[in-house]
Amino acid sequence: EAVNHLHRSAFHFQPPRHWINDPNGPVYYKGFYHLFYQYNTKGAVWGNIVWAHSVSKDLVNWEALEHALYPSKWFDIKGTWSGSITIVPGKGPIILYTGVNQNETQIQNYAIPKDPSDPYLRKWIKPDDNPLVMPDYTMNGSAFRDPTTAWFSEDGHWRTVVGSKRKNRGIAYIYRSRDFKHWVKAKHPVHSKESTGMWECPDFFPVSTTDFQNGLDLDYTGSNTKHVLKVSLDLTRFEYYTLGTYDPKKDRYVPNGDTPDGWDGLRFDYGNYYASKTFFDYKKNRRILWGWANESDTLEDDISKGWAGLQVIPRTVLLDANKKQLVFWPIEEIESLRSNYVRMNNKNITMGQRLEVEGITPAQADVEVTFNVGQCLEKAEAFDPSFTFKPFDLCKIKGSNVTGGVGPFGLITLATPDLEEYTPVFFRVFKDTSTYKPKVLMCSDARPSSLKQDRGPLKQDRMYKPSFAGFVDVDLSDGRISLRSLIDHSVVESFGALGKTVITSRVYPVKAVKENAHLYVFNNGTQTVNVESLDAWSMERPLKMNNGAL
Ligand code: FRU
């Protein structure tokens, strides 16, 4: 089948063709990083899902292996859905995954490698004593899925969390087992929240409150931790997380009062990002996050392109030093693809000015810029704390062309020189009228990204071009704010303030493609902003990117 390459990524993880969704079972084992993922063997829409499997030594170059799981037994005949891997001492890696049976009931199964000494983990067995867990009569059997990596507790039990709902209440059930075979549901869910709908792909892990450099494995028991519970909301296709406290005796998680639990919760990524999942990389002592970015194109174009979906660049996850949120940063390995370095230093950008970043390939680039706005903060627009605007709506009203005091300023990616098409990623600084502190909005606005016409009024016939946005919790006390964007043809991943706010966007320019794409740094605020430094690189294509026989 023909595959249209125009908007395919060069350095993001993508199979050669067809549909891909959730990352599954990420793990580091015997010298290899493993990534499994939900994959349609037959086409560029969701369906016929298997666990496809790739391995890598560096998280950059990937080799495709044969599919690890596909429907074949009564307990998964209608689906081998998302799940995780746990390395069980004495046994090796074990997959926990959701199988769908003939009645469309979702049940939790396990699979083991045929040969745990094979670092590639090529072959997987689904033992006949499956399933491990069936939903009981109190539960919703069509909303019970995506088991997390299990952890071993001091009381001699393994524990895993499974996503669910009852009516419209999102639920994370917790199960325990001594032998990894017999699993018992705890009396209460580990957490739940009314009117959030189905909780897909829960993720539950500790972060250190004292060490802001290293990640923690799930069985860490020191007292200097907080827990993170992330859920993916089926209803809106957004995720949110809370920081909180997990009580292993009561098996309950309680979010901290200061992180909102629900629709206004904090997000790993404020853009097109879903079904994310972390794992602990004991090689480098870090917790790494994978996440899926779906297409935002029309259904018909997904099909005619012959492919849909990609995994965003893996990110490290740490607690921010303020202990109120997490911070994310692309894994350092991705920097090995940088070439053609250009730099800009100490450049003032006045109102309406736009400077081109030349000497790199703008459609396939990594750019890091540090702005200084310290001189002009008192000229920031007023932000009335009684505003009920969500970041998304604020960005919609105050786009990259709407003049402000301090900002909008930032990057213009995937642009034509006349700005017929462009994807701006930018900040706008407000001043809170009650606290007098800066309030910073970060936007990645897909609205002007493409000249392509919609095919019709139906959702599937329209491109999704949202004004993605989030606030950035910085006080700007030294006047600085940084922005990094990874640009890869149809994906722009942007990291504000060293990863405090992250936004991934999918865009499909018609003219601003390949050599015709341009990159600029801009300012549309009345106040001059200073580009202290701007470092930009072309990004090479990895030598090996999943070039196996799929
Ligand atoms: C999330 C999800 C999961 C499910 C899988 C099926 O995108 O719906 O809940 O296990 O995808 O492919």
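Residues numbered from 1 in each chain as written. Predicted model: local features only at pLDDT ≥ 70, side-chain atom pairs only at ≥ 80, totals over all residues. Heavy atoms only, no water.

Caption draft 1: Structural context of the confidence of the model for the chain. Per-residue pLDDT for the chain has a mean of 96; in total, 99% of the residues score no lower than 70. This prediction of the complex comes with two scores: 0.98 for pTM and 0.99 for ipTM. (pLDDT = per-residue confidence, 0-100.)

Caption draft 2: Focus on the sheet that holds strand β34 (residues 491-496). Pairing is antiparallel in the open sheet, where six strands are placed in the order β25-β37-β27-β33-β34-β35. Lying at the two open borders of the sheet, with one neighbouring strand each, are β25 (338-349) and β35 (501-506). Between one strand and the next, the sheet's axes are offset by a mean angle of 15°, whatever the strand orientation. With six bridges connecting them, strand β33 (residues 480-488) and β34 associate as antiparallel partners. In the sheet register, Arg484 faces β34, and the bridge partner there is Phe495. (Pairing = 2+ DSSP bridges. Helix = DSSP H or I, 4+ residues; strand = E, 2+ residues; numbered from the N terminus. Axes fitted to C-alpha atoms, helices over the stretch in contact; angles between N-to-C directions.)

Caption draft 3: Geometry of the pairing of strand β19 (residues 274-281). With eight of eight residues buried, β19 is to be regarded as a mostly interior element. Summarising the sheet, β19 and strand β20 (residues 286-293) pair through six bridges and their orientation is antiparallel. Its bridge partner being in β20, Tyr274 is matched across the sheet by Trp292. Once β19 ends, the chain turns through four residues before running back antiparallel as β20, passing Asn285 with a positive phi of about 55°. (Buried < 20%, exposed > 50% of the residue type's maximum accessible area, 1.4 Å probe, protein only.)

Caption draft 4: Structural detail: the site of the ligand. Every residue lining the ligand is accounted for by Asn21, Asp22, Gln38, Trp46, Trp81, Ser82, Arg145, Asp146, Glu200, Arg237, Tyr274 and Trp292. At a separation of 2.7 Å, an oxygen atom of the ligand approaches a polar side-chain atom of Asp22. Within the side chain of Trp46, a nitrogen or oxygen atom sits 3.0 Å from an oxygen atom of the ligand. For the ligand, the accessible surface in isolation is 320 Å², of which the surrounding protein chains cover 94%. Of the residues assigned to the shell around the ligand, the class counts are four nonpolar, three polar and five charged. (Near = heavy atom within 4 Å. Polar contact = N/O pair within 3.5 Å; in protein donor to acceptor, adjacent residues only side chain to side chain. Areas by Shrake-Rupley, 256 points an atom, 1.4 Å probe, with all protein chains shown as cover. Nonpolar A, V, L, I, M, F, W, Y, C, P; charged D, E, K, R; others polar.)

Caption draft 5: Quick peek at the pairing of strand β6 (residues 92-100). Most of β6 sits inside the fold, with nine of its nine residues counted as buried. Pairing geometry for strand β5 (residues 79-88) and β6, over eight bridges, is antiparallel. Bridge pairing links Gly79 to Val100 in β6. Connecting β5 to the next strand, β6, in antiparallel fashion are three residues, including Gly90 with a positive phi near 85°. With antiparallel pairing between neighbouring strands as the criterion, β6 and strand β7 (residues 106-113) make up a hairpin whose turn holds five residues, including Glu104 at a positive phi of roughly 65°.

Caption draft 6: Summary view of the nonpolar core. Counting 102 residues, the largest nonpolar core has Phe268, Leu326, Phe371, Phe409, Ile481, Val521 and Leu534 as the members making the most contacts within it. Tallying contributions element by element places strand β37 (residues 529-539) first for this core, with five residues. In contact with Phe371, other than residues within four places in its own chain, are Phe409, Gly410, Gly479, Arg480, Ile481, Leu483, Val521, Val529, Asn530 and Val531. Membership of the second largest hydrophobic core comes to 16 residues, among which are Val88, Leu132, Ala150 and Ile171. (Core = buried A, V, L, I, M, F, W, Y, C linked by side-chain atoms within 4.5 Å. Contact = heavy atoms within 4.5 Å.)

Caption draft 7: Quick peek at the sheet that holds strand β18 (residues 252-255). Spatial strand order, β15-β16-β17-β18: four strands in an open sheet with antiparallel pairing. The open sheet terminates on both sides in strands that have one partner only, identified here as β15 (199-208) and β18. With direction set aside, neighbouring strand axes in the sheet form an average angle of 40°. In the sheet, strand β17 (residues 238-247) pairs with β18 via four bridges, with the strands oriented antiparallel. Paired with Thr245 across the strands is Val254, a residue of β18.

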